[in-house]
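Structural description and commentary
Below, each chain spelled out in residue letters.
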Amino acid sequence: MRSRILNSKFLILNCAFALSACREGVRASNHETTGQLKTLTLTRAAHAQPVVGAAIDATAEGLPPNRTVDLTWGTVDGGWVVEDGYRFRGKRFTDSTKPLGRATVGADGRLAAHFTIPEDFGGVHSITVSDAGVPLAQGGIEVTQTFELQPSEGPIGTPIELRVTGFGWRTMESTWVVNWDNQQVGYVSATDTRGAAVARFRASGPAGDHEIKVYTGYMGQSYLNHEQAPNAYLPRPRFVFRVTPGAAPARGYAESYPAQKLPAADIGAAGAHLTIAPVQGPVQTRAVVTGGGFPANARVSLVWGTQAGSRVSGNGFAPKDSELATLVVGADGRLNAPLTIPEDLGGMHTLSIRSGDKTLARAFFAIETSVVGISPSSGPAGTPVTIHLKGVGWTDVDNIYVATYDNAYMGYACGFNSQGDVTVNFTAAGPPGIHLIDFYPGIYQGPGTDQQLYRLPQLTYADDHPGNKIPALRFAFEVTSPSSTRR
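Residues numbered from 1 in each chain as written. Predicted model: local features only at pLDDT ≥ 70, side-chain atom pairs only at ≥ 80, totals over all residues. Heavy atoms only, no water.

With that settled, consider the overall build of the protein chain. Helix and strand counts for the protein chain stand at 1 helix and 36 strands. With the C-alpha coordinates aligned to their principal axes, the bounding extent of the protein chain is approximately 80 × 70 × 40 Å. Counting the 487 residues in the protein chain, one finds 51% classified as buried. For the protein chain, the share of sequence-separated contacts (at least 6 apart) that also reach a separation of at least 24 residues comes to 71%. (Helix = DSSP H or I, 4+ residues; strand = E, 2+ residues; numbered from the N terminus. Buried < 20%, exposed > 50% of the residue type's maximum accessible area, 1.4 Å probe, protein only. Contact = heavy atoms within 4.5 Å.)

What follows is the structure, encoded as structure tokens:
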């Protein structure tokens, strides 16, 4: 069963240059002038919404007759910015255009064309008719948002997906927040995904109906008096999820880990090559290093590269190298050696073959965050609980996990100062039954600009997290009655 909500607001701009004053505007090319452009009238089918995939009719009059013209879609390119692999720098966009197709002007100078709204950011977009690069007519359309929740019922722990399209790139149209029973779960964004993404969270008890409200909130918190907000034209959809009998098991696990982006191997000596298999995994992964083109029968060092330090101690951080083993190159110049990945920070690490202070070749390995466990997994309210993780990262975008308890914000945990080994202690609370603890990726820090989404749960982590995508971590604790001693 699905629930879907569309923003009922629809705006088509048929004045040739009214766009520049609408929702921060859509800038025109330097050679466009209001006096030369005809009006491009844009219409839609009755009861249709201006959403991604909607069919639009475009008409204009007074154009050069019998010409084949181009229709272009005004938009932006860009997204999250992570510099040097670890510094979060917010968002960056530049104006761009996309082709919509070609059409023919009739002998009477009239254009009748058709196109569908492309998958793109929401907000105002210009549509321009050009002949050999010369603009002839222009109109505009405001693409609105869709929200679809599925499923609409299930037991405690049921994965829920909020699918969205049409999120804007402008600050005030870019971020929504999910509240579960008036408690904030996390924020929803679609910055790197051109306005479309999936927010993921879980159903929490007790059995019965639970309110889900999706608010706008450009800073990652719900804007409650939204009717008085400067972006009051945006939707704030409401859903109801029914929790049914049954529950998730009391345990901990990491969601499926995406493949991480790693550079190609570096070669420091002519003819040398180096590979490691696998290229990612948790700490203590058993891997194999192979290579060739090295000096025959030479003794070389296998060196592990990481980062060490802290953002908050005042001493900073820096790269750190450690020799893992001394190897002997074969008579054929080849190497083949087993390797156990050391306990360290999550994210990218280097593996280098060195002869003295010279690096002959270098490959890369990504450590995944792994769940050691939750202990205990049950007990009465007031029970001390420990969650243990390894391989938590160090960059601005992967050095923290942000925790919720029964879909309510609890706090965050950082892994840099402890070299990726994280222990979180808290006290079980709530009535008897299963209670959920979810760890979401978040952004630790960044520029103090007009949007600061820091140390908050990002529900669209799988699609839209800056940098490498890292999974959510899921836990459950069973609160027992005071008379129960089960662990």
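Ranked by internal contacts, the top residues of the largest apolar core, which has 31 residues, are L162, W180, V188 and F201. Beyond its immediate sequence surroundings of up to four residues, F201 is in contact with L149, T158, P159, I160, L162, V178, W180, V185, I212, Y440, L459 and R474. Grouped together as the second largest cluster of nonpolar side chains are 25 residues, V289, V300, I341 and L360 included. (Core = buried A, V, L, I, M, F, W, Y, C linked by side-chain atoms within 4.5 Å.)

Bringing the layout of surface pockets into the picture now. Within this model, the largest pocket holds a volume of roughly 730 Å³. The wall of the largest pocket is formed by 41 residues, among which G85, G347, M348, W394 and T395 lie closest to the centre. Those elements giving two or more residues to the lining of the largest pocket turn out to be β24 (299–309), β25 (317–328), β27 (347–355) and β28 (358–367). (1 Å grid on protein atoms, 1.4 Å probe; cavity = no way out; pocket = protein on both sides within 12 Å on 5 of 7 lines; lining within 4 Å. Points joined across faces, edges and corners; volume = space filled by probe spheres on them.)

Summed over all chains, the structure comprises 19 aromatic pairs. Ring geometry for F88 and Y454: centres 6.2 Å apart, planes at 90 degrees, overall edge-to-face. Separated by 366 residues along the polypeptide, F88 in strand β7 (residues 87–104) and Y454 in the loop between β35 (433–441) and α1 (461–464) bring together distant segments of the chain. In this structure an aromatic cluster arises from ring pairing among Y86, F317, W394 and F416. (Phe/Tyr/Trp six-rings, centres within 6.5 Å; stacked < 30°, edge-to-face > 60°.)

What follows concerns the pairing of strand β31 (residues 384–390). Judged from the 5 bridges that link them, strand β29 (residues 370–375) and β31 form a sheet pairing that is antiparallel. In the sheet register, S370 faces β31, and the bridge partner there is K390. (Pairing = 2+ DSSP bridges.)

Below, the discussion takes up the sheet that holds β31. Strands in a sheet are paired, the pairing made by backbone hydrogen bonds, and the direction either parallel or antiparallel. Overall, antiparallel pairing links the 3 strands, which are arranged β29-β31-β34 in an open sheet. With partners counted over all chains shown, the strands left at the sheet margins are β29 and β34 (422–427), one partner each. If you compare each strand with its neighbour and ignore which way they point, the axes differ by 15 degrees on average. (Axes fitted to C-alpha atoms, helices over the stretch in contact; angles between N-to-C directions.)

Turning next to the sheet that holds strand β23 (residues 286–292). Spatial strand order, β21-β23-β26: 3 strands in an open sheet with antiparallel pairing. A strand with exactly one partner marks an edge of an open sheet, and here the two such strands are β21 (273–277) and β26 (335–340). Ignoring strand direction, the axes of neighbouring strands in this sheet form an average angle of 20 degrees. Sheet topology places β21 next to β23; 5 bridges connect them, and they run antiparallel.

With that out of the way, let us pick up the pattern of salt bridges. Going through the model one piece at a time under the given rule, you end up with 20 salt bridges. Notably, a salt bridge pairs R87 with D84, separated by 2.3 Å at the nearest N-O pair. The exposed category is assigned to D84, whose relative accessible area is 56%. Here D321 ties to R354 by a salt bridge, and the two come within 2.8 Å at their closest N and O atoms. With D321 in strand β25 and R354 in strand β27, this residue pair connects regions lying 33 residues apart in the sequence. (Salt bridge = Lys/Arg side-chain N within 4 Å of Asp/Glu carboxyl O.)

A word on unusual backbone geometry. What is expected of a backbone is that most residues other than glycine have negative phi and most peptide bonds are trans. Geometrically, the link from G205 to P206 is a cis peptide bond, its omega value of 5 degrees lying close to zero. Relative to the assigned elements, P206 resides in the loop between β16 (197–202) and β17 (208–216). With an omega of -5 degrees, the peptide bond between A277 and P278 qualifies as cis. Relative to the elements of secondary structure, P278 occurs in the loop between β21 and β22 (280–281). In the Ramachandran plot, A132 falls in the positive-phi region, its phi being about 55 degrees despite a non-glycine side chain. Mapped onto the elements of the fold, A132 is located in the loop between β9 (123–131) and β10 (134–143).

Right, let's talk about the environment of Q280 for a bit. In this structure, Q280 sits in strand β22. With a relative accessible area of 16%, Q280 lands in the buried category. Counting along the chain gives 85 residues from Q280 to F365, while the straight-line C-alpha distance between them is 5.4 Å. Leaving out residues up to four positions away in the same chain, Q280 has contacts with Y257, P258, A259, Q260, F365, A366 and E368.

The subject of this paragraph is the side chain of E368. Looking at the element boundaries, E368 is found in the loop between β28 and β29. Among buried Asp, Glu, Lys and Arg side chains, E368 stands out as unpaired, with K390 the closest opposite charge at 15 Å. Not counting the four nearest positions on each side in its chain, E368 is found in contact with Y257, Q280, G281, P282, K390 and G391. (Lys, Arg positive; Asp, Glu negative; His and termini not counted.)

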